[in-house]
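Here is how the chains run, residue by residue.
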Amino acid sequence: MKILIVYATRGGAAEHSASLLAAHFDNPDVKNLRDESPDPSGYDFIIFGSGIRFGNIYRELSDWLDRFWEVLRRKPKAVFICNVFEEEAEEIIKKNFSLRLRNSSVAVDSLGGEYDPTKLSRADRMLAYAMKRELLSPGFLEMKPCILTWRVDRFLQDIDDYLELGSSNSVRPGSVAAIGEGAQ
Ligand SMILES: Cc1cc2nc3c(=O)[nH]c(=O)nc-3n(C[C@H](O)[C@H](O)[C@H](O)COP(=O)(O)O)c2cc1C
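Residues numbered from 1 in each chain as written. Predicted model: local features only at pLDDT ≥ 70, side-chain atom pairs only at ≥ 80, totals over all residues.

**Q** Which parts of the structure should I look at to understand the environment of glycine 49?
**A** For glycine 49, the position within the fold is in strand β3 (residues 45-53). Put simply, glycine 49 and alanine 8 are 41 residues apart on the chain and 6.5 Å apart in space, counted from C-alpha to C-alpha. (Helix = DSSP H or I, 4+ residues; strand = E, 2+ residues; numbered from the N terminus.)

This is the structure in structure tokens:
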């Protein structure tokens, strides 16, 4: 079973998540989309994820999804995001990943996030101030968000369940992808 894990990160949380996920599998390929844009064709299962800024996944992941969607749509896959505002996760996932992608994925979740305001560049700090002041509020700074290991475990459990079922289909029965063709 060949597994590919790809991620896009700015602050390191998606990389951290990718390495926690990778430790669960036997010799997966793990790729930072900033360094390369791997072709998923030769893989049996693909996991991809991105950190979130101002409600959006990073450009590297959306470009990679656009580029390889025709391959990805036929593959079993799982999607994660890393973000810190728990209450936003569902909306962020809906906004950034099509219904077709979500419905044809074995797991889709936020794995939590990491955030160290002292590492923000001046430009990011100004953007945060203008667009999302919560990121700079004293209460939030005390929270010290982290990757939620129980979420990682649940995400992996969903993948294990799928792989153990040994489905010969590349999509879940009844999913939009199983029912018809369509855009990403
Ligand atoms: C400039 C900036 C904007 C952010 N915007 C959001 C946001 O809109 N919603 C959210 O839940 N988290 C937001 N976060 C928190 C990040 O999603 C979190 O730090 C995540 O771990 C980033 O992943 P990465 O470290 O892999 O880049 C933001 C963080 C920064 C620095």
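**Q** Quick question: what am I supposed to make of the confidence of the model for the chain here?
**A** As a note on interpretation, predicted positions should not be read in detail where pLDDT is low. Across the chain, the average pLDDT comes to 90, with 90% of residues at or above 70. Overall, residues 169-184 carries pLDDT values under 50, and its contacts beyond four positions in sequence, including any with other chains, amount to 27 contacts. (pLDDT = per-residue confidence, 0-100. Contact = placed C-beta atoms within 7 Å.)

**Q** Got a minute to help me understand the site of the ligand in this structure?
**A** In the vicinity of the ligand, 25 residues are found, and the nearest of them are Gly11, Ala13, Gly51, Asn83 and Gly113. Looking at the shell around the ligand, the elements with two or more residues in it are α1 (13-22), β3 and α5 (122-131). Here the shell around the ligand is composed, by residue class, of 12 nonpolar, seven polar and six charged. (Near = placed C-beta within 6 Å. Nonpolar A, V, L, I, M, F, W, Y, C, P; charged D, E, K, R; others polar.)

**Q** In this structure, what is going on with the nonpolar core? I would like to understand it.
**A** In a soluble, globular protein the nonpolar side chains are often hidden away together inside. Of all hydrophobic cores here, the largest spans 38 residues; its most connected members are Ile5, Tyr7 and Leu61. Mapped by element, the contributors of at least two residues to this core are β1 (3-8), α1, β3, α2 (59-72), β5 (77-82), α3 (89-96) and α7 (149-165). Dropping the residues within four chain positions of it, isoleucine 5 is found in contact with Ala18, Leu21, Ala22, Pro28, Val30 and Ile47. (Core = buried A, V, L, I, M, F, W, Y, C linked by C-beta atoms within 7 Å. Buried ≥ 20, exposed ≤ 12 C-beta atoms within 10 Å, placed from the backbone.)

**Q** Looking at this model, I keep getting lost on the environment of threonine 118. Mind explaining?
**A** Secondary-structure assignment places threonine 118 in the loop between β6 (107-110) and α5. Looking at threonine 118, the number of C-beta atoms within 10 Å reads 5, which means it is exposed. Measuring from C-alpha to C-alpha, the distance between threonine 118 and leucine 141 comes to 9.9 Å, with 23 residues separating the pair along the chain.

**Q** Sorry, what's going on with α7 here?
**A** Owing to its 3.6 residues per turn, the α-helix brings residues three or four apart onto one side. Over its 17 residues, α7 extends 24 Å from the first C-alpha to the last, a length consistent with the 24 Å expected when each residue adds 1.5 Å. The set of residues buried in α7 consists of Val152, Phe155 and Ile159. For α7, the angular spread of buried residues about the axis comes to 70°, placing them on one side. Opposite the packed face of α7, turned more than 90 degrees from it, sit the exposed residues Trp150, Asp153, Gln157, Asp161, Glu164 and Leu165. Those residues of α7 that are buried lie in contact with α1, β5 and β6. (Expected span 1.5 Å × (residues − 1). Arc of directions from axis to C-beta.)

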